[in-house]
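Commentary on secondary and tertiary structure
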Amino acid sequence: MGDEGGIVALADAVSELFYAIAGWLLVGLGALALVAAVSGLVAGGGVGSAMGVALLVVFGLVFVVSGVLVNPRLRRRLDRRHSITRFGRVRSTDRRVVRPGETRGESCVECGADVEGGMATRYREEYALAGIPISTRTEGVNHYCLACAFDESDIPDESSARERPESAPERS
Ligand SMILES: [Zn+2]
C-alpha cells in the first residue's frame, strides 16, 4: 500500500516534469517565432513577408499560450490568479481543517498549545501583474488549536490579515 502510493507519487512527479519540459519547449518555440517575426518586420521584406510575419506571430502566440497551459506550475499559478485589475502586492489567506494525526508537532500561534486537530491558515504575499502571481514574497502556514479555531474572532481573515502585516514572518 505504502509502496504503491510512493510509485504513484513518483509517476505523478515524472509526468509533471515532462509536462513542464514540454511546456517550456513550447514557450521557447513560441518566443523564437515571435523574435523571428519581429526581426522580419525590422528587416522589412515588403508585402510578401508581411504574411510570413503575421503567420509567425500567430504561431508564436499559440505556442506560448499552449506552453503555459501545459506547464503544471504555470497552470497552478493561473488557477491562483486574482482579479485582473490587481497590480503589485496581493495578500491572500486560505483556511483548512487539520485532523488529529495530520500535524507534526506544530503549536498554536495564538496560545502556544500543541495542535492536535484544529485549523491551519495559509497566507501568501505575492507580486501580481494583471492578477497573475509573478513572484511569491512570503508564504507560510499558521496553525490553530481547536479551542482557538472555535474562537474565530482571533483568526485573521483576508481583510484583517492585510491590516496586520507584522504578524507574517519574513520568508519561509
Ligand atoms: Zn490555541
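Definitions and cut-offs
Residues numbered from 1 in each chain as written. Predicted model: local features only at pLDDT ≥ 70, side-chain atom pairs only at ≥ 80, totals over all residues. Helix = DSSP H or I, 4+ residues; strand = E, 2+ residues; numbered from the N terminus. Buried ≥ 20, exposed ≤ 12 C-beta atoms within 10 Å, placed from the backbone. Contact = placed C-beta atoms within 7 Å. UniProt positions renumbered as here; feature names shortened; annotations may be inferred. Pairing = 2+ DSSP bridges. pLDDT = per-residue confidence, 0-100. Core = buried A, V, L, I, M, F, W, Y, C linked by C-beta atoms within 7 Å. Axes fitted to C-alpha atoms, helices over the stretch in contact; angles between N-to-C directions.

- In the nomenclature of an unreviewed UniProt entry, the protein chain is known as DUF8108 domain-containing protein of Halalkalicoccus jeotgali.

1. Concerning the overall build of the protein chain
- In terms of regular secondary structure, the protein chain is built from 5 helices and 3 strands.
- N-terminal to C-terminal, the α/β element order of the protein chain is α-α-α-β-β-β-α-α.
- Considering the protein chain as a whole, with its 172 residues, one finds that 16% of them fall into the buried category.
- Taking contacts inside the protein chain between residues at least 6 apart in sequence as the whole, the part at least 24 apart equals 67%.

2. Brief notes about unusual backbone geometry
- The backbone phi angle of alanine 130 is positive, close to 50°, even though this residue is not glycine.
- Locating alanine 130 in the fold gives a position in the loop between β2 (118-129) and β3 (132-145).
- Note on alanine 130: 12 C-beta atoms within 10 Å, which makes it exposed.

3. Here we look at the UniProt feature "transmembrane region" (unreviewed entry) in the protein chain
- The feature "transmembrane region" (unreviewed entry), as annotated in UniProt, sits at residues 17-43 and 49-71 in this numbering.
- Helix makes up 100% of residues 17-43 and strand 0%, and the two end C-alpha atoms of the span are 38 Å apart.
- Each end of residues 49-71 is marked by a C-alpha atom, and these two atoms are 32 Å apart; helix forms 96% of the span and strand 0%.

4. Here we look at the environment of leucine 34
- Here leucine 34 is to be found in helix α1 (residues 2-43).
- According to the C-beta neighbour criterion, leucine 34 is partly exposed, with 17 such atoms within 10 Å.
- Sequence separation between leucine 34 and phenylalanine 63 is 29 residues; the distance between their C-alpha atoms is 9.9 Å.

5. Quick word on the pairing of β2
- Summarising the sheet, strand β1 (residues 88-98) and β2 pair through 11 bridges and their orientation is antiparallel. Along β2, the bridge assignment pairs aspartate 94 with arginine 122.
- Pairing between β2 and β3: 12 bridges, direction antiparallel. Residue glycine 118 lies in a different strand from β3, and its bridge partner there is cysteine 145.

6. Remarks on the confidence of the model for the protein chain
- With 83% of its residues at a pLDDT of at least 70, the protein chain reaches an overall mean of 80.
- When the elements of the protein chain are averaged for pLDDT, helix α5 (residues 158-163) gives the smallest value, 47, and β2 the largest, 89.
- A low-confidence stretch, residues 159-172 stays under pLDDT 50, and its non-local contacts, those more than four residues away or across chains, total 16 contacts.

7. A short note on the environment of glycine 30
- Position of glycine 30 among the secondary structure elements: in helix α1.
- What makes glycine 30 buried here is the crowd of 22 C-beta atoms within 10 Å.
- Through-space distance from the C-alpha of glycine 30 to that of valine 58 is 9.1 Å; in sequence the pair is 28 residues apart.
- With sequence-adjacent residues up to four places away left out, glycine 30 is seen in contact with Gly60, Leu61, Phe63, Val64 and Gly67.

8. So, the nonpolar core
- One finds Val98, Val115, Met119, Tyr144, Cys145, Cys148 and Ala149 forming the largest nonpolar core, which totals 7 residues.
- Those elements that place two or more of their residues in this core are β3 and α4 (146-150).
- Those residues in contact with alanine 149, other than ones at most four positions away along the chain, are Gly118, Met119 and Tyr144.
- By size, the runner-up hydrophobic cluster in this structure holds 6 residues, among which are Val27, Ala33, Ala37 and Phe63.

9. Structural notes on the sheet that holds β3
- A sheet is described by the order of its strands in space; here 3 strands give the open sequence β1-β2-β3, paired in antiparallel fashion. Where the open sheet ends on each side, the last strands, each with one partner, are β1 and β3. Strand-to-strand twist of the sheet, defined as the mean angle between neighbouring strand axes without regard to direction, takes the value 15°.

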